[in-house]
Amino acid sequence: ELKVEQNPLFLSMQEGKNYTIYCNYSTTSDRLYWYRQDPGKSLESLFVLLSNGAVKQEGRLMASLDTKARLSTLHITAAVHDLSATYFCAVDNQAGTALIFGKGTTLSVSS
Amino acid sequence: DSGVTQTPKHLITATGQRVTLRCSPRSGDLSVYWYQQSLDQGLQFLIQYYNGEERAKGNILERFSAQQFPDLHSELNLSSLELGDSALYFCASSVQSVHYNEQFFGPGTRLTVL
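Residues numbered from 1 in each chain as written. Chains lettered and ligands numbered in written order. Predicted model: local features only at pLDDT ≥ 70, side-chain atom pairs only at ≥ 80, totals over all residues. Heavy atoms only, no water.

## Focus: the packing of aromatic side chains
Enumeration according to the criterion identifies nine aromatic pairs over all chains in this entry. Aromatic pair Tyr35 of chain A and Phe101 of chain A: ring centres 5.7 Å apart, planes at 50°, arrangement tilted. In this pair, Tyr35 of chain A is assigned in strand β4 (residues 32-37) and Phe101 of chain A in strand β10 (residues 99-101), connecting sequence segments 66 residues apart. Taken as a pair, Tyr35 of chain A and Phe101 of chain A share a single burial class, namely buried. Aromatic rings pair up to connect Tyr35, Phe88 and Phe101 of chain A together with Tyr35, Phe45, Phe90 and Phe105 of chain B into one cluster. Stacked on the ring of Phe104 of chain B, the Lys or Arg Arg26 of chain B has its end atom at 3.7 Å from the ring centre. The ring of Tyr50 of chain B has Arg55 of chain B sitting right over it, with the charged end atom 5.1 Å from the ring centre. (Phe/Tyr/Trp six-rings, centres within 6.5 Å; stacked < 30°, edge-to-face > 60°. Helix = DSSP H or I, 4+ residues; strand = E, 2+ residues; numbered from the N terminus. Buried < 20%, exposed > 50% of the residue type's maximum accessible area, 1.4 Å probe, protein only. Lys NZ or Arg CZ within 6 Å of the ring centre and 35° of its normal.)

Printed below as a string of structure tokens:
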């Protein structure tokens, strides 16, 4: 069974600090997706990582993919309150017909 | 705004009832996916349609069914509703390229079964 595991599941950060969210998956997929969800809202696509070694950055967020280790990281630099949300990683299922999501990491940034 | 629309936004109904959720994909997207999000199960894939045909099934109950129409909008039908069906139901759409499968999510329908 394909598994996607995120850790930590909850993260309380102070503004200005750095932290990393980890996403491990059990498939051989070389494609990984990061989404953001605000409470009660939809999922917003953040990053699409398509190959081993892929790195993408947007503002204070940077995502990377290591397909050999089956690991993706989402690094947060100098956190601000606006980054408070739940972050999901996802991979394609074996047939490429659906996304399998991790449980999500709920990030809370306080001053 | 992802370009995916869903109606209604909220739905409150009673056990045993039947409801229909509607989704319109982004312009040009042929694939539509339905997901259920609940606190205990997380985000679960239910079913996918591609250009009117069912393509894949996930953890979809027999009481649930879906279809995609010629204009590519999709409907998810939930029948004999139980308390445990209360959840947020998302529709997503994608181009479904062989190279990647980035999915764009609608605002969701929050279903409450009383």
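## Quick look at the pairing of strand β3 (residues 19-25) of chain A
Residue and element names in this part refer to chain A. Here four bridges tie strand β1 (residues 4-7) to β3, and the two strands are oriented antiparallel to one another. The residue bridging Val4 from the neighbouring strand is Tyr25, located in β3. By the bridge criterion, six bridges tie β3 to strand β8 (residues 71-76) in an arrangement that is antiparallel. Residue pairing in the sheet places Tyr19 in a bridge with Ile76 of β8. (Pairing = 2+ DSSP bridges.)

## Notes on the sheet that holds β3 of chain A
Residues and elements named next belong to chain A. An order of β1-β3-β8-β7-β6 is seen for the five strands of this open sheet, with the pairing classed as antiparallel. Single-partner strands in this sheet number two, and they are β1 and β6 (55-58). Across the sheet, the mean angle separating the axes of adjacent strands is 15° when strand polarity is ignored. Pairing geometry for β6 and strand β7 (residues 61-66), over four bridges, is antiparallel. Opposite Lys56, over in β7, you have Ala63 as the bridge partner. (Axes fitted to C-alpha atoms, helices over the stretch in contact; angles between N-to-C directions.)

Read these as geometric descriptors, not functional statements.
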